[in-house]
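# Residue-level structure breakdown
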Amino acid sequence: MVDIWHHRGACRLCSSPRVERVVPLNSIPMSTPNLGMPGDEALARSIARERVPLDLYLCAECGLLQLLDIIDPAVLYTNFRYTTSISVGLPEHFRAMAAEVSERAGLEAGDLVLEIGSNDGTLLRAFAERGQRVLGVDPAVKAAQAATAAGVETLGTFFTKDLGRRIRSDHGAARVVICNNTLANIDEPGDLIEGVKTVLAEDGLFVFETSYGADVVAKTLIDTVYHEHLSYFTVAPLERFFAANGLDLVAVERIWTKGGSIRGFAQPAGGPRRRDPSVDALIAEETAAGLRTVAPYRSFRARLDRLRSDLTEIIGRAAPEGRLAAFGASVGGVTLISQLGLEDRLRNLYDDAPMSDALPTGEARNIPIKPSSALYEDRPEAVVILAWRYADRIAARHARYLDEGGRFLLPLPDVSEWGAKGTGSL
Ligand SMILES: [Zn+2]
């Protein structure tokens with residue numbers, strides 16, 4: 001077996017070995033819809049059979065909630081096929097973000113904006129339209145090539161301290177460095193932050209968005225827990241980590257993406273901006289919620305157990321013949337399937353734009369992924385909408401399935417049947 005995952009014994013932010021497993025979860029298959037290994041089908045098949053632990057750990061020293069079982073990023077990302085423009089609503093979000101960041105950073109025409117994890121260049125294009133010079137970095141080589149071909153110069157590699165140095169010498173210091181939904185995906189964020197410091201102008205601003213750990217816990221957002229997503233950041237551990245690495249966190253906002261995220265702004269230590277009250281306000285909320293103690297994580301686990309038993313019950317009523325399927329192939333969907341006990345129940349998985357033909361669910365079997373048109377031929381009794389945040393859109397698009405007697409079930413925020421009276425609870 002190729003050594004494609006490992007367990008680390010210490011916190012990734014503060015290196016403390018005092019990490020406690022606070023949410024044990026079912027191990028999940030390593031392969032995801034993102035995994036494609038051209039030229040090595042045998043390796044891909046062998047990877048697809050492997051299960052990797054998905055337990056959540058809490059650092060007693062700094063309070064970071066995190067995964068400690070790490071899949072080799074080369075395996076996870078090199079052939080990453082997900083692109084931003086597929087995500088409904090995000091381009092608009094990016095244009096608004098470009099406007100806000102320009103204002104906060106006091107950007108002028110020609111200033112350099114660097115984005116780490118820039119994907120297909122959607123956000124950078126919004127800055128370019130405003131007159132900034134832009135440069136992207138993304139290890140997904142195909143996305144980087146496509147972005148460059150479309151006019152957003154993008155380096156197809158991982159961002160490191162060395163790359164930060166090279167960019168500064170080739171392009172000058174960046175007034176803004178952006179890192180959206182990437183910081184949480186990196187096992188050693190210290191190297192990335194070193195690189196950010198290296199490339200950032202003295203009066204520059206580092207801007208990041210990341211899923212908010214406090215929302216993941218409070219709202220039981222189990223479908224945001226998967227191996228790409230290594231850290232479930234809250235403000236307190238991040239502020240401490242930045243300070244230890246020469247950056248001051250100066251403001252934090254809560255935003256809606258991914259069911260609950262934060263957008264943070266940091267500057268080189270001693271920079272021109274004053275710290276906004278938002279930082280201490282969120283730290284106080286996190287303390288009040290007990291996020292440094294095990295209690296909220298026990299509740300999370302208990303709510304997860306409840307979701308599983310509620311879902312089992314509603315499936316028993318909605319699909320008595322066992323003709324059950326699911327909708328929405330994604331990495332979060334793999335987690336939902338394995339944590340909610342759906343692995344052996346689903347006959348098919350449907351998606352409006354399938355990117356692979358099977359979702360691996362472990363040694364025993366793969367769940368076939370079909371285009372959503374097949375829903376009308378297969379006519380399952382009930383379909384669990386794994387992409388539950390888009391349930392209204394999916395149900396509207398597939399109203400005919402409902403008209404013909406089909407039933408849509410939602411696993412979150414509470415187990416429910418779509419369209420049932422009092423939707424939102426069982
Ligand atoms: Zn720590």
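Throughout what follows, the structure given in this document is the object of discussion.

### What about the coordination of the zinc ion?
In an ideal tetrahedron of four donors about a metal, each angle is 109.5 degrees. In an ideal octahedron of six donors, the angles are 90 or 180 degrees. Coordination sphere of the zinc ion, protein contribution only: Cys-11 (SG), Cys-14 (SG), Cys-59 (SG) and Cys-62 (SG), at 2.3 to 2.4 Å. Classification of the site at the zinc ion as tetrahedral follows from its four donor atoms and the range of 99 to 115° in their angles at the metal. In terms of primary sequence, the donors binding the zinc ion are separated according to C-x2-C-x44-C-x2-C. In this pair, Cys-14 is assigned in the loop between β1 (5-7) and β2 (19-23) and Cys-62 in the loop between β5 (56-59) and β6 (65-67), connecting sequence segments 48 residues apart. Classification of Cys-62 as buried rests on a relative accessible area of 2%.

### Considerations on the sheet that holds β6
One open sheet accounts for four strands, arranged β2-β5-β6-β13; its pairing is antiparallel. Since the sheet does not close on itself, it has two edges, and those belong to β2 and β13 (231-232), each with one partner. Relative to β13, β6 is paired through two bridges, and the arrangement is antiparallel. The partner of Leu-65 across the bridge, within β13, is Tyr-232. Strands in contact with helix α11 (residues 295-318) are β2, β5 and β6; relative to β2, the strand with the most contacts, it is inclined by about 35°.

### Here we look at helix α10 (residues 277-288)
The terminal C-alpha atoms of α10 lie 17 Å apart, and with 12 residues this matches the ideal 16 Å at 1.5 Å per residue to within 8%. Every buried residue of α10 is accounted for by Ser-278, Val-279, Leu-282, Ile-283 and Glu-286. Looking down the long axis of α10, one finds its buried residues gathered within 130° of arc, a one-sided arrangement. Turned more than 90 degrees from where α10 packs its buried face, Pro-277, Thr-287 and Ala-288 sit exposed. On its buried face, α10 is in contact with α9 (235-244) and β14 (247-255). One or two residues past the end of α10 sits Gly-290, with phi positive at roughly 70°.

### Notes on the packing of α9 against α10
Two quantities define a packed helix pair, namely the angle between the helix axes and the distance between the axes. Direction vectors running N to C along α9 and α10 enclose 130°, while the axes themselves pass 8 Å from each other. Classed by the angle they form, the pair α9 and α10 counts as oblique. Where α9 abuts α10, its residues Val-235, Ala-236 and Glu-239 lie against Val-279, Leu-282, Ile-283 and Glu-286. Across the contact of α9 with α10, the residue classes tally to five nonpolar, no polar and two charged.

About the criteria used
Residues numbered from 1 in each chain as written. Predicted model: local features only at pLDDT ≥ 70, side-chain atom pairs only at ≥ 80, totals over all residues. Heavy atoms only, no water. Donors = N, O, S within 2.8 Å, 3.2 Å for Na, K, Ca; no water. Tetrahedral: all angles 85-135°; square planar, octahedral: opposite > 155°, others 65-115°. Helix = DSSP H or I, 4+ residues; strand = E, 2+ residues; numbered from the N terminus. Buried < 20%, exposed > 50% of the residue type's maximum accessible area, 1.4 Å probe, protein only. Pairing = 2+ DSSP bridges. Contact = heavy atoms within 4.5 Å. Axes fitted to C-alpha atoms, helices over the stretch in contact; angles between N-to-C directions. Expected span 1.5 Å × (residues − 1). Arc of directions from axis to C-beta. Parallel < 35°, antiparallel > 145°, perpendicular 65-115°, else oblique. Nonpolar A, V, L, I, M, F, W, Y, C, P; charged D, E, K, R; others polar.

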